[in-house]
Amino acid sequence: MNETTLQIVIYVAISLAVIGSLAVLLLKGRKTPPGTYTSTRDDDDRVASGAPGTSTDTLERPTDTADDVIVPDDLRDLDETTIGTETVPVETPAEVQGRLARLRARLIRSNNALGKGLLALLSRDNIDEDVWDEIEETLLLADLGTEPTMELVDALRARVKVAGSRSPAEVKDMLREELIKLVDPTMDRSLATDRHADRPAVVLVVGVNGVGKTTTVGKLARVLVADDKDVLLGAADTFRAAAAEQLATWGQRVGVPTVRSDVDGADPASVAYEAVKAGIDGEVDVVMIDTAGRLQNKVGLMDELGKVKRVIEKLATVDEVLLVLDATTGQNGLNQARVFAEVVNVTGIVLTKLDGTAKGGIVVAIQRSLGVPVKLVGLGEGADDLALFEAESFVDAILN
């Protein structure tokens, strides 16, 4: 190899080394892919358990997939709707005030073991240590939780000892008062669904698969319509087949439009974003967002739920985060509640299937664990079987 050829080889090698170094620097400086933005976590949106902690998340721009999202043209004043090929009149939901009375009557008729068992034990002629042990066991089996159970037993022990009388009427009054204290009527159970001056209230509904979340959103829409509110639904459960269609059907029956995607597996954050945007443009009172049933052990999915919330907050504050739980799952429901509370700031609980098979103590256990009130309860499969929760009415129902 002559001297000229050697010089050429050296120059080429040096050039390639310089180009390679520049390429590495460019790649390192570009951490965020095009078409994305970073969003700082807020205090309410903590990393799910087991996930690596980071100060920012990378979120897809919701407007990138806006063409896939179907936004209804008319958001109000519907007199009839089309479901499939059938045109049906818009239904009139049951009045809000009458719902709880009907649900209370149903709970009274159900085979509620908690109240009946406690009254039977406390009405015995001789309440000895064995009886108190049975009372304790009854409360624990009702999913009341260890701490609330001990509080209730200690309070009843003291009152029975002071009263010196154990007539059924007196025992029932004492038990009622102590149970009401545990259920805590002082907690704020109002729903944050009042429209703001320049935007609608935004309600995010979350929960695991199989608890009836989409159905609950539909039933809550009926509650709000009965309260004379203009409602818009967002079908952000884009992973479950026919979830958007199911939600749209619920909404159509009471004249409530639904924003949804026509693409399976579309970005949930995009649908949520477009729903809130449509609600602002249409000047509705409330926008409710249905989300996918995220398994509490799937860290990635739970983290995504937090991202959906933050994308919504690009446009408006999320006023209410309702966690839907199946009351029959007992302590398992309590574990689910804790995990969701790690991801989003849950503001209220919706307990479904709170009938004779459910253990009423779960109401107390969940509230104690999270410091979050039960705001809504459902006792049946009917369209209007959802009502605002009232502590005294609930206790009266399980003791009658």
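Preceding block: the structure.
So, here is what we can say about the structure in this document. (Residues numbered from 1 in each chain as written. Predicted model: local features only at pLDDT ≥ 70, side-chain atom pairs only at ≥ 80, totals over all residues. Heavy atoms only, no water.)

A count of helices and strands for the chain gives 13 helices and 13 strands. In the chain, which comprises 400 residues, the share counted as buried stands at 48%. The contacts of the chain with a sequence gap of at least 6 include a subset with a gap of at least 24, amounting to 77%. Total accessible area computed for the chain in this model is approximately 19000 Å², and 51% of it derives from carbon and sulfur atoms. (Helix = DSSP H or I, 4+ residues; strand = E, 2+ residues; numbered from the N terminus. Buried < 20%, exposed > 50% of the residue type's maximum accessible area, 1.4 Å probe, protein only. Contact = heavy atoms within 4.5 Å. Areas by Shrake-Rupley, 256 points an atom, 1.4 Å probe, with all protein chains shown as cover.)

Pairing of side chains with opposite charge becomes possible as their charged atoms draw close. Taken as a whole and judged by the stated rule, the model has 16 salt bridges. Arg368 is the partner of Glu147 in a salt bridge, and the nearest nitrogen-oxygen pair spans 3.9 Å. A residue pair is termed long-range when its members are at least 10 positions apart, and Glu147 in helix α5 (residues 146-163) and Arg368 in helix α12 (residues 362-370) qualify at 221 residues. For the salt bridge of Glu178 with Lys181, the shortest nitrogen-to-oxygen distance reads 3.5 Å. In this pair, Glu178 and Lys181 both sit in helix α6 (residues 168-183), 3 residues apart, roughly one turn of the helix. Take Lys181: its relative accessible area is 57%, and that puts it in the exposed class. One salt-bridge network, held together by shared partners, links Arg159, Glu177, Glu178 and Lys181. (Salt bridge = Lys/Arg side-chain N within 4 Å of Asp/Glu carboxyl O.)

Okay, the side chain of Arg199 next. Of note, Arg199 is situated in the loop between α6 and β6 (201-206). Here the side chain of Arg199 touches Asp319 through a polar contact of 3.3 Å, side chain to side chain. With sequence-adjacent residues up to four places away left out, Arg199 is seen in contact with Ile280, Ala316, Thr317 and Asp319. (Polar contact = N/O pair within 3.5 Å; in protein donor to acceptor, adjacent residues only side chain to side chain.)

The next point concerns the sheet that holds strand β9 (residues 286-291). On the basis of which strands lie adjacent, the open sheet formed by 9 strands has the order β3-β8-β7-β9-β6-β10-β11-β12-β13 and mixed pairing. Looking at strand neighbours, the two that pair on one side only are β3 (69-70) and β13 (386-388), the edges of this open sheet. Relative to the sheet, helix α11 (residues 331-343) contacts β6 and β10 (320-326), its axis offset from that of β10 by approximately 155 degrees. (Pairing = 2+ DSSP bridges. Axes fitted to C-alpha atoms, helices over the stretch in contact; angles between N-to-C directions.)

A few words on the nonpolar core. One broad trend across soluble globular proteins is that nonpolar side chains are buried collectively. Membership of the largest hydrophobic core comes to 98 residues, with the highest contact counts inside it found for Ile135, Leu220, Met288, Ile312, Ile349 and Leu351. Those residues within four positions of Ile349 in sequence are excluded, and the remaining contacts are Leu323, Leu325, Ile366, Leu370, Val372, Pro373, Val374, Lys375 and Leu376. (Core = buried A, V, L, I, M, F, W, Y, C linked by side-chain atoms within 4.5 Å.)

This part is about unusual backbone geometry. With a phi angle near 70 degrees, Asp184 is a residue other than glycine that sits in the positive phi range. Summarising the element assignment, Asp184 is placed in the loop between α6 and β6. With a relative accessible area of 24%, Asp184 lands in the partly exposed category. The phi dihedral of Glu283 falls on the positive side, at around 55 degrees, and the residue is not glycine. Looking at where Glu283 falls in the secondary structure, it is placed in the loop between α9 (268-282) and β9.

This part takes up α6. Residues separated by three or four positions in an α-helix point in the same direction, a consequence of the helix having 3.6 residues per turn. Taking 1.5 Å per residue as the helical rise, α6 with its 16 residues ought to reach 22 Å, and the 22 Å between its terminal C-alpha atoms agrees with that figure. For α6, the set of buried residues is Val171, Met174, Leu175, Glu178, Leu179, Ile180, Leu182 and Val183. (Expected span 1.5 Å × (residues − 1).)

For the rest of this paragraph, the subject is the environment of Asp281. The topology assignment puts Asp281 in helix α9. When the C-alpha positions of Asp281 and Arg199 are compared, they lie 8.6 Å apart, and in sequence the two are 82 residues distant.

Of all the 5 residues making up strand β12 (residues 374-378), 5 are buried; the element is thus mostly covered by neighbouring parts of the structure. Both strand β11 (residues 348-352) and β12 contribute to a ladder of 3 bridges, which runs parallel. The residue of β12 that forms the bridge with Ile349 is Val374. Note: β12 against β13, 3 bridges, orientation antiparallel. From the neighbouring strand, Leu376 faces β13, where its bridge partner is Leu388.

Taking 1.5 Å as the rise per residue, helix α4 (residues 129-141) with 13 residues should run 18 Å; its terminal C-alpha atoms sit 18 Å apart, in good agreement. Along α4, the positions that sit buried rather than exposed are Val131, Trp132, Ile135 and Leu139. End-on view of α4: buried residues confined to an arc of 100 degrees, all on one side of the axis. Turned more than 90 degrees from where α4 packs its buried face, Asp130 and Leu141 sit exposed. The distance from a side-chain oxygen at the start of α4 to the backbone nitrogen of Asp130 is 3.1 Å, and the residue carrying that oxygen is Asp128. Positive phi shows up at Asp143, right after α4, with a value of about 65 degrees. (Arc of directions from axis to C-beta.)

Angle between the axes and distance between the axes: these two values describe a pair of packed helices. Viewed as axis vectors pointing N to C, α5 and α6 meet at an angle of 150 degrees, and their least axial separation amounts to 10 Å. If you check the angle between α5 and α6, you find them roughly antiparallel. The chirality of how α5 crosses α6 is right-handed. Contacts between α5 and α6 pair Pro148, Glu151, Leu152, Ala155, Leu156, Arg159 and Val160 from the former with Met174, Leu175, Glu177, Glu178, Leu179 and Leu182 from the latter. In terms of residue class, the contact of α5 with α6 is made up of 9 nonpolar, no polar and 4 charged. (Parallel < 35°, antiparallel > 145°, perpendicular 65-115°, else oblique. Left-handed = near helix turned anticlockwise from the far one by under 90°. Nonpolar A, V, L, I, M, F, W, Y, C, P; charged D, E, K, R; others polar.)

What follows is about the environment of Ile280. Tracing the chain through its elements places Ile280 in helix α9. For Ile280, a relative accessible area of 25% puts it in the partly exposed group. Sequence separation between Ile280 and Asp198 is 82 residues, and the spatial gap between their C-alpha atoms is 7.7 Å. The residues touching Ile280, leaving out its near neighbours within four places in the chain, are Asp198, Arg199, Pro200 and Leu315.

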